[in-house]
Amino acid sequence: MRRPKKYEAGEATQYISRRAALRKLQLSLNDFRRLCILKGVYPREPKHRRRAQKGSSEIKILYHTKDIRFLLHEPIVWTLRDYKIFAKKSGRDRAIKDFRNLKRRLALFPEIKLDHIVKERYPTFIDALKDLDDCLTLLFLFSTFPSLHLIPREQSNLCRRLTIEFLHYVIASKSLRKVFISIKGYYFQAEIKGQKVTWIVPHYYPFKPQSRQEVDFKVMSIFVEFYTIMLGFTNFRLYHGLNLAYPPQFPSTMLQDNADTLKDETSFVSERICALNFDLLRTDKVQEDEEEPDIDMELLEQDGDSKRIIKMKQEAQEVARLRTLFKGLKFFINREVPREPLVIIIRSFGGKVSWDSSVFSGSTYDESDESITHQIVDRPSLSTQYISRDYIQPQWVFDCVNQRQLLPTNKYFLGEQLPPHLSPFVDAKRDTYIPPEEKALHDPSLIETHAQSEDESDEEETVANEEDDTVEQELLDAQLQRAYQQETAEYKKYGGPDGVNEDEEDSDGEDFNDEDQESSDEEEELDEQTKRLQEERKKMSVQSGKVHKVNKRQLHKAEVDEHRLQARMVKPRHRNLFRKLIREKQTKEKEEWLLRKKRRNIDSDTKEAKKLAKREARKAAAAAAAAASQLGGK
């Protein structure tokens, strides 16, 4: 039996460097990178890098050998090689000015087909929905780009059309569940076929070209090339599941890339929003309201004792109410408000929405319509207002969706300071800092206490006035108590109830000492019994609790000693991991402490501002009263 040589088996044969993979596949670096992105093959980190690199100490990019062997049988490899041949032959024809042959070759340009790769990477439809988050986020980003050096106009137009189709499905199926505004953009989460899909729609800003090439748009465009095929298949399947015609038929004036729309960026964006405000054609006559719910309630009632079934029932009822949250409401959006996220949210929950037709196209009714219930405004005041509608800020729509109910509009009026916008994507039972507003949402009993904490500043001044009265009353009670004690002491010392001195009673009753001694012994025995009974009653009675003061120094010392004991018990090979865990714990505690400190500073600042405002109001009222009295005296 031949003895195997070093690096002929084991980890050295499981990995291959990128240079060796390029030689094996006979591809250039750009083609290899493109092939790996399309097929989903990524570099790997070996457990022992020195063994995997056959004794070499330099850092190399390594791949699994089986992945490179898998790429050898891919038909795209032959298409990429045809690109090389096409480039050489077309370059030769261009050099010798053989334009007839060049035209023939351009007609036979090799095209890559990615349909089989989508089916290969996602065997089932649910697998494709699970991987839809990155796909949607990237396509929504590219749909806002203009024509760049490495991003052709056709690619951004395709991204725009596919994202609008997906948003129309979300609106038609009413599958939107959570929304949130952040610095990155607008977060949306929809529940499709039982899978939660989350994506980001970026804020609209005019595109500014970058002078430095910090972002590799070429690599991103390769991902977009694959994701457009994937989202096209997904939209086709989703539309047919709702009996909607695919591709959707938009009005002829929309999504047409004319010279005017390509020049003006605002009209380019407004057409996209305009396309979201139209209903889609259906292949059947069933209306949206007659669609069956996702969960059959009759089947759940058969096994109604289980906690899990009860929770599913409650969730199904909440979702059914959420789907028709804005049903019967009509919204009008002012020109300063970003329209795209609001149109998506309002239409996803059964509401109707419109805007100023003189500024943007696609409006369905004017501002003068008396049936409008809510007008969304993002300015401190309006010149003309209607009594029949509520004027609210845009955050009201987002908070209503996250809390799954129509909130009171008084906190969202024009010029009002908005309540904090809480994220619905965080865990309610997390160990980190939780704001008091979020605690009040999950625990209704905390709502009153939180409201009282805001009104504490109003009561402080009244309490200060009451404290003076209580101090005077306590002083008076102490004087009365002292006088009563002196009176009782004099009573015991100088006289009984008839005013006779106790010494005289002792001298007059010397003849009866024996009888008194016997009676006193009996009384002592009775007193002892009564004392025992009183002590037992005291033990059985309910007493007020005593405040136990916690020594923080002793607690901190005990925690430090416990931590040192844990560190000693850790094995040497696990010490780095233990230190990492302790470091993470310390950073979390520090972040929580900083958030609490920040909240305390904010609360103190708001209280001081309220106090100053009240003082100024009182001064103004006093000055007005004084001026009125002077006028009355004259």
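Residues numbered from 1 in each chain as written. Predicted model: local features only at pLDDT ≥ 70, side-chain atom pairs only at ≥ 80, totals over all residues. Heavy atoms only, no water.

**Student:** How would you sum up the overall build of the protein chain? Please name residues and give values.
**Tutor:** Of regular secondary structure, the protein chain possesses 25 helices and 9 strands. Within the protein chain, buried positions represent 32% of all 634 residues. Counting contacts in the protein chain only where the partners sit at least 6 residues apart, residues at least 24 apart contribute 62% of the total. Carbon and sulfur atoms form 51% of the exposed surface of the protein chain, whose accessible area is close to 44300 Å². (Helix = DSSP H or I, 4+ residues; strand = E, 2+ residues; numbered from the N terminus. Buried < 20%, exposed > 50% of the residue type's maximum accessible area, 1.4 Å probe, protein only. Contact = heavy atoms within 4.5 Å. Areas by Shrake-Rupley, 256 points an atom, 1.4 Å probe, with all protein chains shown as cover.)

**Student:** Report on unusual backbone geometry, specifying residues and quantitative values.
**Tutor:** The linkage connecting Tyr 246 with the following residue, Pro 247, adopts the cis geometry, with an omega of 0°. Residue Lys 97 is not a glycine yet carries a positive backbone phi of 60°. Examined against the element boundaries, Lys 97 turns out to sit in the loop between α6 (76–95) and α7 (99–107). A positive phi angle, near 55°, is found at Lys 193, a position not held by glycine. Examined against the element boundaries, Lys 193 turns out to sit in the loop between β4 (185–192) and β5 (195–202). Here Lys 193 falls in the exposed class, since its relative accessible area comes to 51%.

**Student:** How would you summarise helix α17 (residues 339–348) if you had to cite specific residues and measurements?
**Tutor:** Residues three or four positions apart in an α-helix share a direction because the helix packs 3.6 residues into each turn. Where burial is concerned, most of α17 is hidden: 10 out of the 10 residues are buried. Those residues of α17 not exposed but buried are Arg 339, Glu 340, Pro 341, Leu 342, Val 343, Ile 344, Ile 345, Ile 346, Arg 347 and Ser 348. One or two residues past the end of α17 sits Gly 350, with phi positive at roughly 90°.

**Student:** Mind laying out the side chain of Glu 11, listing which residues take part and the relevant values?
**Tutor:** Secondary-structure assignment places Glu 11 in helix α1 (residues 11–14). Of the side chains with opposite charge, Arg 51 lies nearest to the buried Glu 11, which makes no salt bridge, at 4.5 Å. When sequence neighbours within four positions are dropped, the list of residues in contact with Glu 11 reads Pro 46, Lys 47, His 48, Arg 51 and Ala 52. (Lys, Arg positive; Asp, Glu negative; His and termini not counted. Salt bridge = Lys/Arg side-chain N within 4 Å of Asp/Glu carboxyl O.)

**Student:** Go over the sheet that holds strand β7 (residues 352–355), please, and point to the residues and values.
**Tutor:** Ordered in space as β7-β6-β8-β9, the 4 strands form an open sheet in which the pairing is parallel. Pairing within the sheet leaves two strands with one partner each, and these edge strands are β7 and β9 (390–392). In this sheet, adjacent strand axes meet at a mean angle of 25° when their direction is disregarded. With 3 bridges connecting them, strand β6 (residues 330–333) and strand β8 (residues 374–376) associate as parallel partners. The residue bridging Phe 332 from the neighbouring strand is Gln 375, located in β8. α17 rests against β6, β7 and β8 of the sheet, and its axis sits at about 155° to β7. (Pairing = 2+ DSSP bridges. Axes fitted to C-alpha atoms, helices over the stretch in contact; angles between N-to-C directions.)

**Student:** Tell me about the sheet that holds strand β3 (residues 176–181), residues and numbers included.
**Tutor:** Picture the strands of a sheet paired through backbone hydrogen bonds; they go either parallel or antiparallel. Taken in spatial order, the 3 strands make up an open sheet running β3-β4-β5, and their pairing is antiparallel. Each end of this open sheet is capped by a strand with a single partner; those strands are β3 and β5. Strand-to-strand twist in this sheet, taken as the mean axis angle between neighbours without regard to direction, amounts to 15°. Pairing geometry for β3 and β4, over 5 bridges, is antiparallel.

**Student:** I'd like a rundown of the environment of Ile 333, residues and numbers included.
**Tutor:** You can see Ile 333 is positioned in strand β6. We classify Ile 333 as buried; its relative accessible area is 1%. For the pair Ile 333 and Ser 354, spaced 21 residues apart in the sequence, the C-alpha separation amounts to 6.3 Å. Among all residues touching Ile 333, those that are not within four sequence positions of it are Arg 339, Leu 342, Val 343, Val 353, Ser 354, Trp 355, Asp 356 and Ile 376.

**Student:** Requested: an account of the nonpolar core, with residues and values cited.
**Tutor:** Judged by nonpolar contacts, the single largest core of 93 residues is most densely connected at Trp 199, Phe 326 and Ile 345. The element contributing the most residues to this core is helix α12 (residues 217–241), with 9 residues. (Core = buried A, V, L, I, M, F, W, Y, C linked by side-chain atoms within 4.5 Å.)

**Student:** Please give an account of the packing of aromatic side chains that cites residues and values.
**Tutor:** The description of an aromatic ring pair rests on the distance of the ring centres and on the angle between the ring planes. Throughout the structure, instances matching the rule amount to 20 aromatic pairs. Judged by centre distance (5.8 Å) and plane angle (20°), the rings of Phe 188 and Trp 199 are stacked. Of this pair, Phe 188 sits in strand β4 while Trp 199 is found in strand β5, placing the two residues 11 residues apart along the sequence. For Phe 188, a relative accessible area of 1% gives the class buried. Taking NZ or CZ as reference, Lys 330 lies 4.3 Å from the ring centre of Tyr 365, over its face. The lysine or arginine in question, Arg 339, covers the ring of Trp 355, its NZ or CZ lying 4.8 Å from the ring centre. (Phe/Tyr/Trp six-rings, centres within 6.5 Å; stacked < 30°, edge-to-face > 60°. Lys NZ or Arg CZ within 6 Å of the ring centre and 35° of its normal.)

**Student:** Quick one: what's the story with a positive patch on the surface, residue by residue and with numbers?
**Tutor:** There is a patch of like positive charges on the surface, built from Arg 575, Arg 579, Lys 580 and Arg 583. Among the secondary structure elements, Arg 583 is positioned in helix α25 (residues 575–633). (Patch = residues over 30% accessible without salt bridge, like charges linked within 9 Å, V, L, I, M, F, W, Y side chains within 5 Å. Charge placed at Lys NZ, Arg CZ, Asp CG, Glu CD.)

**Student:** How would you explain the state of the cysteines if you had to name every residue and give the values?
**Tutor:** Throughout the structure, instances matching the rule amount to 0 disulfides. Cys 159 takes part in no disulfide bond, and the closest cysteine sulfur to it belongs to Cys 135, at a distance of 8.9 Å. (Disulfide = S-S within 2.5 Å.)

**Student:** Could you give an account of the packing of helix α3 (residues 29–39) against α6, with specific residues and numbers?
**Tutor:** It is at 11 Å that the axes of α3 and α6 come closest, and there the two elements cross at 150°. Compared by their axis directions, α3 and α6 come out roughly antiparallel. For the pair α3 and α6, the sense of crossing is right-handed. Residue-level inspection shows Asp 31, Arg 34, Leu 35 and Leu 38 of α3 in contact with α6, the latter providing Ile 76, Val 77, Leu 80 and Tyr 83. Partitioned by chemical class, the residues of the contact of α3 with α6 number 6 nonpolar, no polar and 2 charged. (Parallel < 35°, antiparallel > 145°, perpendicular 65-115°, else oblique. Left-handed = near helix turned anticlockwise from the far one by under 90°. Nonpolar A, V, L, I, M, F, W, Y, C, P; charged D, E, K, R; others polar.)

**Student:** Break down helix α11 (residues 153–173) for me, citing the residues and quoting the values.
**Tutor:** With 21 residues, α11 ought to run about 30 Å at 1.5 Å a step, and its terminal C-alpha atoms sit 31 Å apart, in line with that. Among the 21 residues that make up α11, 18 are buried, leaving the element largely enclosed by the rest of the structure. Positioned one or two residues after α11, Lys 174 has a phi angle of 55°, which is positive. (Expected span 1.5 Å × (residues − 1).)

**Student:** Outline the pattern of salt bridges, listing residues and values.
**Tutor:** A complete count under the given rule lists 18 salt bridges for this structure. Ionic pairing is found between Asp 93 and Arg 92, a salt bridge with its closest N-O pair at 3.8 Å. Residue class for Arg 92 comes out exposed when judged on its relative accessible area of 53%. The salt bridge partner of Asp 603 is Arg 599, with a shortest N-O separation of 3.3 Å. Within this pair, Asp 603 and its partner Arg 599 are both found in helix α25, separated by 4 residues, close to a single helical turn. Of the residues examined, Asp 603 reaches a relative accessible area of 32% and is grouped as partly exposed. Residues participating in the shared-partner salt-bridge network are Lys 39, Glu 74 and Glu 120.

**Student:** Explain the pairing of β5 residue by residue, including any values.
**Tutor:** Both β4 and β5 contribute to a ladder of 8 bridges, which runs antiparallel. When the sheet's bridge partners are listed, Tyr 187 is paired in β5 with Ile 200. The hairpin formed by β4 and β5 contains 2 residues between the paired strands, and Lys 193 there has a positive phi angle of roughly 55°.

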